[in-house]
Amino acid sequence: MTTETTKGAPDQEWTAGAPPLSQYIQRKVQHVRAVDRRRPWLWDTLLTLFWTFAALVDASGGWRNLARDQSVPVWLVVSMSLAFSVPLLWRRRHPMTVLTLMAATAVVNTWSGAFLQANFLQAVIVFNIALHLPLRTLLWTIAPITLPLVIGAARHPQGSWDQQVVPTIWAYAMVALLAVAVRSRQDYTAALVERARRLEVERDQQAQLAAAAERTRIAREMHDIIGHHLSVITGLADGGSYAAAKSPERAAQALGAIGTTSRQALDELRRLLGVLRDQPPEAVRAPQPTLDDLASLIDGVRTAGLPVRHHVHAPAGPAPLSAGRQLTVYRIVQEALTNTLKHGGPAATAEVALSYGEGQLEVVVTDTGRRTDVDDSTGTGPGQGLAGMRERTWLYDGTLEAGPLPTGGWRVHLRLPLEDTPS
C-alpha cells in the first residue's frame, strides 16, 4: 500500500522543525514512495510474494486451528489461499475486479468451513479502494464483504449471529476509515504543496514585474538626464562655435558651461546607475532634483541660448510636496525645455509658470518655437519624451496636456494633486 505525492515536490521540507525521529521516519517513507513511483511493479511483486508465502504457510496446516470443518481437501485449501493472495498483484489497476474474485473465494471458504485467515487480505483491497477511488465506490464493497460472512454464520453457526458478522464488518470499516484519513492527509499535503508552488510562481512574476518597472524607471530617468544635458551641450557648442571667431571670451564661457553641464550629467548618471552595482553602499547618495533646483535648470537652459521666463504664483505660499512629486515636476519641466531646445528653432523663447491652487499644482511650459518632427494631430514625436511625462503624471494621479498652440509654439500643461495634509 503506497501513497502518492506531487511529482518533484520537496516533501522533506514539510518536516522542518520536527523531532529527529520524526524527520528520520519521514525521510525513509519518502524514499520508499520515490522508489514505488519509479518502479511500482517492484513493490506490488514483493507484497504479493510475502502474502502468498504467508497464505501457503497457513495452508500447510495452520488453517485447521480456526476451521469449522477440518475435512476440507488440501488442494481446495491451497487453491483458495492462492486465490486470496496472488490477485494482490493487480490490486492497484483493477481493485474492484480483485475484490470480486476474493469475495467469490470467500464464499467458498465460508461454505466449506475452512475459514482461512487469508480471507482477511480483502482488507488490503478495501484500503486501496478507499485510498484511490471515489469514496462512493466504498458502497459497492459492502455486499462482497458481507455476503460471505452471512453465509458462514448461517452454515456454520458458532455463538450468536452478530458475534460472527459484526466484528469483522467493523474491522473492514476501520481499515476504510484509516485509508480515508491517509487520503485526507495526502490531499491536504498536496494542496499545501500546490499553494506553495503557486506562491513561488506569483513571487517570480512579481519579481519580474518589479524588474520591468525598475527598468522602465531607469530608462525614463536616463532619457531625461541624457536628453536634457546633451541638448544643452549642443546649444552651448553651437553658440561657442559661432562666437569663437569674433568673441573668444564668449567661446571660453561656452566651453566652461559645457564642462559644467557634462559633469552634472555624469553625476546624475553615476547616482542613477550606482544602485545597480553589486555593492550598493558605494552608490552616490546625492538627493534627487527638487523644485529648488528649477532655477539652476533654467539658468543652464538660458546659458545654452534659450531665453526662459520663470515665475511662481502662490498666494498662500508654496504647498509642501513629496520628493516624488517634486521630481516629477522637475523632470517634466526639464523635458519640455529640452524639446524646445531641440525643436524650437534659434528664435524660440520659453516660459515656465508654476501656480499653487486649491489642492493642486499647475505647471505650464510654453514656447514660441515651431516643431518640425512632431505630429500636431496626436502630439507625439519620434522620441519617448511625451510618453515618459505622461507616465510620471499618472503615477501621482495627475493630468498632462501637451500640444501645439494656435498662434504657434508648444504648450505643456501639468495638473498635479497635492498631498492630503493632516488636520
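Remember, it's a predicted structure, so these values are computed and weren't measured experimentally.

Enquirer: In this structure, what is going on with helix H9 (residues 294-303)? I would like to understand it.
Expert: Along H9, the positions that sit buried rather than exposed are Leu294, Leu297, Ile298 and Val301. Viewed end-on, H9 has its buried residues packed into an arc of 95°, placing them on one side of the element. Among the residues trailing H9, Gly305 stands out with phi positive, at a value near 110°.

Enquirer: What am I meant to see in unusual backbone geometry here?
Expert: A negative phi angle is the norm for most residues apart from glycine, just as the trans form is the norm for most peptide bonds. The residue Phe115 is not glycine, and still its phi comes out positive at about 50°. Within the secondary structure, Phe115 sits in the loop between helix H4 (95-112) and helix H5 (122-132). Residue Asp397 is not a glycine yet carries a positive backbone phi of 60°. Within the element layout of this structure, Asp397 appears in the loop between helix H11 (385-395) and strand E4 (399-404).

Enquirer: Whenever I open this one, H11 confuses me. Can you help?
Expert: Owing to its 3.6 residues per turn, the α-helix aligns residues three or four sequence positions apart on the same side. Those residues of H11 not exposed but buried are Gly385, Leu386, Gly388, Met389, Arg392 and Thr393. Mapping the buried residues of H11 onto a view down its axis gives an arc of 160°, with all of them on the same face. Turned more than 90 degrees from where H11 packs its buried face, Trp394 and Leu395 sit exposed. Backbone geometry just after H11 places Asp397 at a positive phi near 60°.

Enquirer: What should I look at first to understand the packing of aromatic side chains in this one?
Expert: Two aromatic rings are characterised by how far apart their centres lie and by the angle between their planes. Taken as a whole and judged by the stated rule, the model has 1 aromatic pair. On the basis of an interplanar angle of 75° and a centroid distance of 5.1 Å, the ring pair of Phe50 and Trp51 is categorised as edge-to-face. Judged by relative accessible area, which is 31%, Trp51 ranks as partly exposed. The residue whose ring lies beneath Arg68 is Phe115, and the NZ or CZ to ring-centre distance is 4.3 Å. A cation over an aromatic ring shows up here: Arg155 above the ring of Trp111, its NZ or CZ 4.1 Å from the ring centre.

Enquirer: What exactly am I supposed to notice about the sheet that holds E4 here?
Expert: Adjacent strands of a sheet pair through backbone hydrogen bonds, lying either parallel or antiparallel. Spatial strand order, E1-E2-E3-E5-E4: 5 strands in an open sheet with mixed pairing. A strand with exactly one partner marks an edge of an open sheet, and here the two such strands are strand E1 (308-313) and E4. Going from strand to strand, the sheet's axes swing by 10° on average, the running direction of each strand aside. Relative to strand E3 (residues 360-367), strand E2 (residues 350-356) runs antiparallel, the two sharing 7 bridges. Residue pairing across strands places Ser355 opposite Glu362, the latter belonging to E3. Where H11 meets the sheet, it contacts E4 and strand E5 (410-417), and its direction lies at approximately 155° from that of E4.

Enquirer: Hey, could you run me through the nonpolar core in this one?
Expert: Taken as a class, soluble globular proteins show a tendency for nonpolar side chains to be buried jointly. Counting residues in each nonpolar core, the largest one holds 32 residues, and the members touching the most others are Val333, Leu337 and Val412. Counting residues per element, the ones that place at least two in this core are H9, helix H10 (323-343), E2, E3, H11, E4 and E5. Sort the elements by how many residues they give to this core and H10 lands first, with 6 residues. Here Leu337 is in contact with Ile298, Val301, Leu306, Val308, Ala350, Val352 and Val365, once residues within four sequence places are set aside. Listed in part, the 31 residues of the second largest apolar core include Leu99, Ala106, Leu116 and Leu138.

Enquirer: I keep staring at the pairing of E5 and nothing clicks. Help me out?
Expert: The side chains of a regular strand alternate between the sheet's two faces. Pairing of E3 with E5 involves 8 bridges; the strand directions are antiparallel. Across the sheet, residue Leu361 finds its bridge partner in E5, namely Leu416. Two elements, E4 and E5, share 6 bridges in a ladder whose sense is antiparallel. Directly across from Ala402, in E5, lies its bridge partner Val412.

How each quantity is defined
Residues numbered from 1 in each chain as written. Predicted model: local features only at pLDDT ≥ 70, side-chain atom pairs only at ≥ 80, totals over all residues. Heavy atoms only, no water. Buried < 20%, exposed > 50% of the residue type's maximum accessible area, 1.4 Å probe, protein only. Helix = DSSP H or I, 4+ residues; strand = E, 2+ residues; numbered from the N terminus. Arc of directions from axis to C-beta. Phe/Tyr/Trp six-rings, centres within 6.5 Å; stacked < 30°, edge-to-face > 60°. Lys NZ or Arg CZ within 6 Å of the ring centre and 35° of its normal. Pairing = 2+ DSSP bridges. Axes fitted to C-alpha atoms, helices over the stretch in contact; angles between N-to-C directions. Contact = heavy atoms within 4.5 Å. Core = buried A, V, L, I, M, F, W, Y, C linked by side-chain atoms within 4.5 Å.

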